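For reference, the chains in residue letters:
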Amino acid sequence: MAIRILVGVKRAIDYAVKVQVKTDKTGVVTEGVKHSMNPFDEIAVEEAIRLKEKKVAQEIIAVSCGPTQCQETLRTALALGADRAIHVEINGKDYETLQPLAISKLIAAVAKKESVDLVLLGKQAIDDDCNQTGQMVAGLLSWPQALFASKVDIKDKKAEVMREIDGGSETIRVKLPAVITTDLRLNQPRFANLPSIQKAKKKPMAKMSPSDLGVDIKPHQEYLSYEEPPKRQGGGRVSSVDELISKLKEKGLV
Amino acid sequence: MINLRRFISTAQLLRTTKFNPWVPHKCNMSSTVVNQSLYNFSEEEKLIKETVARFGKEHVEPHVRQMEEAGGYKPELIQAIFDQGLMSVDVPLEYGGSGQTFFSSILVIEEMSRIDASVGLLLDLQNTLLNRLILSCGTEEQKHDYLPRMAKNLVASFCLSEPTSGSDAFALKTTAKKQGDYYVLNGTKMWISNAEISGVYLVMANTNPQAKHKGISTFIVDRETEGLRIGKRENKLGLKASSTCMVHFDDCKVPAKNLLGKEGEGYKYAISMLNEGRIGIGAQMVGICQGAFDKTIPYTKERKQFGQRIFDFQGMQHQIASLATEIEAARLLTYNAARLRDAKLPFVKQAAMAKLYSSELAGKVTSKCIDFMGGLGFSCEYPQEKFFRDCKVGTIYEGTSNMQLNTIAKFIDSEY
């Protein structure tokens, strides 16, 4: 009874890029900036592929919501081992104001449409750090959720997931269909090797729009401004522990 | 199995080192106008370039110095490179290759050379020289015998030069006497790259010394063949992780079926292979230039002297801008030669120009990068001195600069 997995991949600004805020404070500079698959989503794709290699999964569908460039990210997912891809096309202003709730609705709609048994997502995207999509998808579908997974075992339509929590880790068992979000230590993603990049060319990529899925992506929040964090102020030097304590007392910190 | 660890910690997100995107800075690559520049990569080529750049940074870079000191590549790294499909980039899928364009192999060599020119050399030789030789001249049986293995785990070496024949390659003295079902090879080859780790050697030998260069033939010689002996390795200035040895043939009996192509046509094959190999070396040299540059410019933006960043001195800016322009020119020469070759258009002159220009430039760029780094450039703790040493052989191997100039002049002669 091999399961079918939907993996969400987001095209985010590459982790190594020095992000710059636009001068008009309406967002960050994305034009001409290197983008790549969100690292936590890479871990999700890797986990899905491993499940397929273990013959627990029979099909992996990759989905991404955004402009045409998302197809590159989906191609990467196909090159890593996904079987097919779905691109939910959202352009221009709609994309700039796209929020996690809208994305969750889209992913939930695709999950229902494709009748998948498992939705695998990264725990958060490194551009907005929202950490909401996985939770909201589960809520919208009324499916159980296992978040911040650092170990996943699937057997007999049940997933045993070790999660990273504040105090350490906990293991929970959820019935499929479910939503699992990946954390850093779940696995080490592979590189797409050249033969699989070649094979990915032939894998199908479907395109759809939010209206095809019956989803309204109207934003519910308005971003007022984007600003850089305050520049780091230099510290002061102290010559003894006593001086340190008195300085801390001065600032009202002890 | 190599430890494929990747650091995606939060600290990584705060990294300040810039990973240069392949796209020229501030260029709007989402325009819908047809891109006819030499940066018009197909989706696969883009993905390959990025994957290799990342692979190089995460799996090769940590081991570069260690491999140089050990005088050899890490075996797990070589296998990982094979597994990535990087040793058979443009070999067709039916022979176990990765089925990409020749241009993709150039991108692979360039990206890898930005990290380590020795690994770049391994990729260059296997892709542009050795696979190519078998693909162009081999029988279907030979192709099916060797190419899949060369894609999976078999490193090969190209044996042309000898102690008494370098630029005058076809004055080679190694003989191959036909004896029944065998050819018996006698002679010595010199400067054979990766000889220590290769499993098969493509050897140029003369089956008819009286016909001079028209007797040169090519043979596929397996390592285990009796009479083949790998000599001592050379102690070199650079590219130390790549073993360079003499290879001796003492009554080495090679089965007649291992003749590659026709007797007496070896010199033709060698010439045409080396034309493509030249583009590969061009890519390697461009990679070295870019790699050295990438490690140096951030330093110039941090280092302060006389109250300002050294990058802000106009003298520095002029030198840096000048070098960047030349690196761009070298890259475009190389890319163009590769695209011409893929389009099956004449490319020999352009290939020679690419190799000539890139290799001469690499010497200049790496030397200047050491200057920009000041005292640190002279220290082995920093990568510039390795790039400086590694690139020196660029003007020498696969046809010296003088030979390239001769080639280019011949074309010019025939054009006017």
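Residues numbered from 1 in each chain as written. Chains lettered and ligands numbered in written order. Predicted model: local features only at pLDDT ≥ 70, side-chain atom pairs only at ≥ 80, totals over all residues. Heavy atoms only, no water.

- The name given to chain B in an unreviewed UniProt entry is Short/branched chain specific acyl-CoA dehydrogenase, mitochondrial, with Rotaria magnacalcarata as the source organism.
- Here chain B is described in UniProt, under the heading Subcellular location (unreviewed entry), as follows: "Mitochondrion matrix".
- Word for word, the UniProt comment on chain B under Subunit (unreviewed entry) is "Homotetramer." (UniProt positions renumbered as here; feature names shortened; annotations may be inferred.)

- As named in an unreviewed UniProt entry, chain A is Electron transfer flavoprotein subunit beta, taken from Rotaria magnacalcarata.
- A UniProt comment under Subcellular location (unreviewed entry) is attached to chain A, and it reads "Mitochondrion matrix".

### Concerning the domain arrangement of chain B
Many descriptions give the size of an interface as the accessible area lost when the pieces come together.
Residues and elements named next belong to chain B.
Right, on to step 1. Looking at chain B, the domain boundaries give domain 1 (43–154), domain 2 (157–263) and domain 3 (267–414).
Right, on to step 2. Measuring from the centre of the C-alpha atoms in domain 1 to the corresponding centre in domain 3 gives 21 Å.
Right, on to step 3. Counting the surface lost from both domain 1 and domain 3, the interface buries some 2500 Å², and carbon and sulfur atoms represent 58% of this.
Right, on to step 4. Note that Lys 295 and Glu 61 form a salt bridge whose closest N and O atoms lie 2.6 Å from each other.
Right, on to step 5. At the surface where domain 1 touches domain 3, the tally comes to 14 residue pairs in polar contact (both at pLDDT 80 or more).
Right, on to step 6. At the level of elements, α2 (43–60), α3 (64–70), α5 (102–115) and α6 (117–137) are the ones that each hand at least two residues to the side of domain 1 that touches domain 3.
Right, on to step 7. Looking at which element gives the most residues to the side of domain 1 that touches domain 3, the answer is α6, with 12 residues.
Right, on to step 8. Counted by class, the side of domain 1 that touches domain 3 contains 13 nonpolar, six polar and 11 charged residues. (Domains from an automatic or database assignment. Buried area = accessible area lost by both parts, 1.4 Å probe. Salt bridge = Lys/Arg side-chain N within 4 Å of Asp/Glu carboxyl O. Polar contact = N/O pair within 3.5 Å; in protein donor to acceptor, adjacent residues only side chain to side chain. Helix = DSSP H or I, 4+ residues; strand = E, 2+ residues; numbered from the N terminus. Nonpolar A, V, L, I, M, F, W, Y, C, P; charged D, E, K, R; others polar.)

### A few points about the UniProt feature "domain: Acyl-CoA dehydrogenase/oxidase N-terminal" (unreviewed entry) in chain B
Right, on to step 1. Under the UniProt annotation, "domain: Acyl-CoA dehydrogenase/oxidase N-terminal" (unreviewed entry) lies at residues 42–152 of chain B.
Right, on to step 2. As annotated, residues 42–152 of chain B has a helix share of 74% and a strand share of 0%, and its two end C-alpha atoms lie 25 Å apart.

### Side note on the pairing of strand β9 (residues 168–175) of chain A
Right, on to step 1. Alignment of strand β8 (residues 158–165) of chain A against β9(A), held across eight bridges, turns out to be antiparallel. Residue pairing for β9(A): A:Glu160 is matched across the bridge by A:Arg173. (Pairing = 2+ DSSP bridges.)

### Quick notes on the state of the cysteines
Residues and elements named next belong to chain B.
Right, on to step 1. Under the counting rule described, the total for this entry stands at zero disulfides over all chains.
Right, on to step 2. The cysteine Cys 159 is free of any disulfide, with Cys 245 supplying the nearest cysteine sulfur at 10 Å.
Right, on to step 3. Given the relative accessible area of 0%, Cys 159 is considered buried.
Right, on to step 4. For the unlinked cysteine Cys 391, the closest cysteine sulfur is that of Cys 289, found at 7.3 Å.
Right, on to step 5. Classification of Cys 391 by relative accessible area gives buried; the value is 2%. (Disulfide = S-S within 2.5 Å. Buried < 20%, exposed > 50% of the residue type's maximum accessible area, 1.4 Å probe, protein only.)

### Digging into the pattern of salt bridges
Right, on to step 1. This structure, assessed with the given rule, holds 55 salt bridges over all chains.
Right, on to step 2. Between A:Lys25 and A:Glu227 there is a salt bridge, and its shortest N-O distance comes to 3.8 Å. Placement of the pair is A:Lys25 in the loop between β2 (11–13) and β3 (35–37) and A:Glu227 in the loop between β11 (205–208) and α7 (241–250), with a sequence separation of 202 residues.
Right, on to step 3. According to the relative accessible area criterion, A:Lys25 is partly exposed, its value standing at 40%.
Right, on to step 4. Overall, the relative accessible area of 54% leaves A:Glu227 in the exposed class.
Right, on to step 5. Residues joined by salt bridges that share partners form a network here, namely B:Lys49, B:Glu110, B:Glu111, B:Arg114, B:Asp294, B:Glu328 and B:Arg331.

### So, the side chain of B:Glu68
Right, on to step 1. Note that B:Glu68 resides in helix α3.
Right, on to step 2. Apart from the residues lying within four places of it in its own chain, the contact partners of B:Glu68 are B:Lys240, B:Ala241, B:Lys386, B:Arg389 and B:Asp390. (Contact = heavy atoms within 4.5 Å.)

### Let's talk about the nonpolar core
Note on soluble globular proteins: their nonpolar side chains tend to be buried together.
Right, on to step 1. Residues A:Ile5, A:Val7, A:Leu118, A:Ile154, A:Ile180 and B:Val60 are the most contacted members of the largest nonpolar core, which totals 84 residues.
Right, on to step 2. Of the residues forming this core, the biggest block, eight residues, is contributed by α5(B).
Right, on to step 3. Looking at which domains feed residues into this core, each of domain 1 (43–154) and domain 3 (267–414) of chain B gives three or more.
Right, on to step 4. Discounting residues that sit within four places of it in the chain, B:Val60 has contacts with B:Phe55, B:Met67, B:Leu77, B:Met112, B:Ile115, B:Asp116 and B:Val119. (Core = buried A, V, L, I, M, F, W, Y, C linked by side-chain atoms within 4.5 Å.)

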